[in-house]
Amino acid sequence: MQSEPVPGAPPVVLTFAASDPSSGAGLQADLLTLASMGCHPLSVVTAITVQDTTGVEGVLPMEAEWVADQARCVLEDMPVDAFKIGALGSVENIAAIAEILADYPDVPLILDPALSIGRGDTHATDAMTHALRDLLLPQTTVATPNGHELRLLAEQDDDESEPSLADCAGRLVSTGCEFVLVTGTHDGTREIVNTLYGKGGVVRTDTWARLPGPFNGAGCTLASAIAAMLANGLELADAVREAQDYTWNALRKAYRPGM
């Protein structure tokens with residue numbers, strides 16, 4: 001049984017993600033973001049990676065039993081105000097996490113699909129993509145895919161002409177995902193256009209100047225920032241806007257510590 005929230009204590013956010021030793025993305029980026037936005041972060045390690053600032057060299061998924069035990073241990077001890085999901089490592093981990101989160105239907109869930117690392121490294125198998133779609137999207141408050149990830153999750157038919165982003169977002173919403181924030185980071189346009197979709201279509205559109213990159217961990221930071229804003233009590237559309245502002249400014253002030 002969870003303890004009661006302590007008056008005046010910061011909101012608590014639990015992130016499920018893979019460890020990034022360089023701290024540019026993954027679990028470490030989540031923790032940095034959540035803490036800087038006034039939250040107490042909890043973490044469940046879903047995979048261990050071998051990577052630096054140039055790319056990922058290896059991924060070792062945690063055993064699903066260990067993932068589940070990490071989560072249940074902290075969830076039985078502390079009340080959680082939001083969940084954030086990043087790279088999960090395996091179908092078994094996705095299934096274990098989906099089963100756990102089903103016990104917390106009233107807690108906001110922010111899903112960064114993390115189907116590929118920002119520099120193009122292969123990260124999720126077709127089976128994992130299907131598991132995300134079938135098991136986690138129906139429980140999700142906000143998903144944050146880029147256009148490529150959105151089309152993978154929308155399960156385009158082989159003989160189907162390329163559907164619009166709006167159609168693909170609508171398919172995700174039809175699975176039970178409440179909102180889909182489609183990011184334009186991978187579109188190659190002068191400006192980045194991020195569009196939030198809900199059951200009624202477009203909820204809001206935000207345009208940002210494209211900063212000289214490339215960047216690592218922007219998706220992790222954005223999803224974590226949304227989780228932090230929701231945990232702090234903002235309405236969803238406002239949380240999405242504030243999280244984008246936070247992420248854009250973090251990128252504007254980014255530095256390159258490695259190669």
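Residues numbered from 1 in each chain as written. Predicted model: local features only at pLDDT ≥ 70, side-chain atom pairs only at ≥ 80, totals over all residues. Heavy atoms only, no water.

Trainee: How do you make sense of the sheet that holds strand β6 (residues 142-143) when you look at a structure like this?
Mentor: The strands making up a sheet associate through backbone hydrogen bonding, with each pair oriented either parallel or antiparallel. The mixed open sheet is built from nine strands, whose spatial order is β3-β2-β1-β4-β5-β6-β7-β8-β9. Bordering the open sheet on either side are β3 (55-61) and β9 (201-209), each of which pairs with just one other strand. When β6 meets strand β7 (residues 179-182), the two strands line up parallel, connected through two bridges. Each bridged residue has a counterpart across the sheet, and for A143 the counterpart in β7 is V180. Helix α2 (residues 64-75) contacts β1 (12-19), β2 (40-52) and β4 (82-85) of the sheet and is inclined by roughly 160 degrees relative to β2. On the sheet, helix α7 (residues 218-231) packs against β1, β4, β5 (109-111) and β7 and is oriented at approximately 175 degrees with respect to β4. (Pairing = 2+ DSSP bridges. Helix = DSSP H or I, 4+ residues; strand = E, 2+ residues; numbered from the N terminus. Contact = heavy atoms within 4.5 Å. Axes fitted to C-alpha atoms, helices over the stretch in contact; angles between N-to-C directions.)

Trainee: What is the right way to read the nonpolar core from this model?
Mentor: Generally speaking, nonpolar side chains in soluble globular proteins are found buried as a group. L14, F16, F83, I85 and L136 are the most contacted members of the largest nonpolar core, which totals 42 residues. By residue number, the principal contributor to this core is helix α3 (residues 91-101), which donates six residues. The residues contacting L136, other than those within four sequence positions of it, are I85, L88, I94, I97, A98, L101, L109 and A131. Membership of the second largest hydrophobic core comes to 22 residues, among which are I110, L222, I226 and A227. (Core = buried A, V, L, I, M, F, W, Y, C linked by side-chain atoms within 4.5 Å. Buried < 20%, exposed > 50% of the residue type's maximum accessible area, 1.4 Å probe, protein only.)

Trainee: Help me out: how do you make sense of the packing of aromatic side chains in this one?
Mentor: By convention here, two paired aromatic rings are described through the distance between centres and the angle between planes. Scanning the model with the defined rule gives three aromatic pairs in all. Look at F16 and F83: their rings are 6.4 Å apart centre to centre, the planes differ by 40 degrees, and that puts the pair in the tilted class. Here F83 lies in strand β4 and F16 lies in strand β1, a separation of 67 residues in the sequence. As far as the burial class goes, F16 and F83 line up, both buried. On the numbers, 5.8 Å between centres and 70 degrees between planes, the contact of F83 with Y104 is edge-to-face. With F83 in strand β4 and Y104 in the loop between α3 and β5, this residue pair connects regions lying 21 residues apart in the sequence. Residue F83 is classed as buried on the basis of its relative accessible area of 1%. Put simply, the rings of F16, F83 and Y104 pair up and form one aromatic cluster. (Phe/Tyr/Trp six-rings, centres within 6.5 Å; stacked < 30°, edge-to-face > 60°.)

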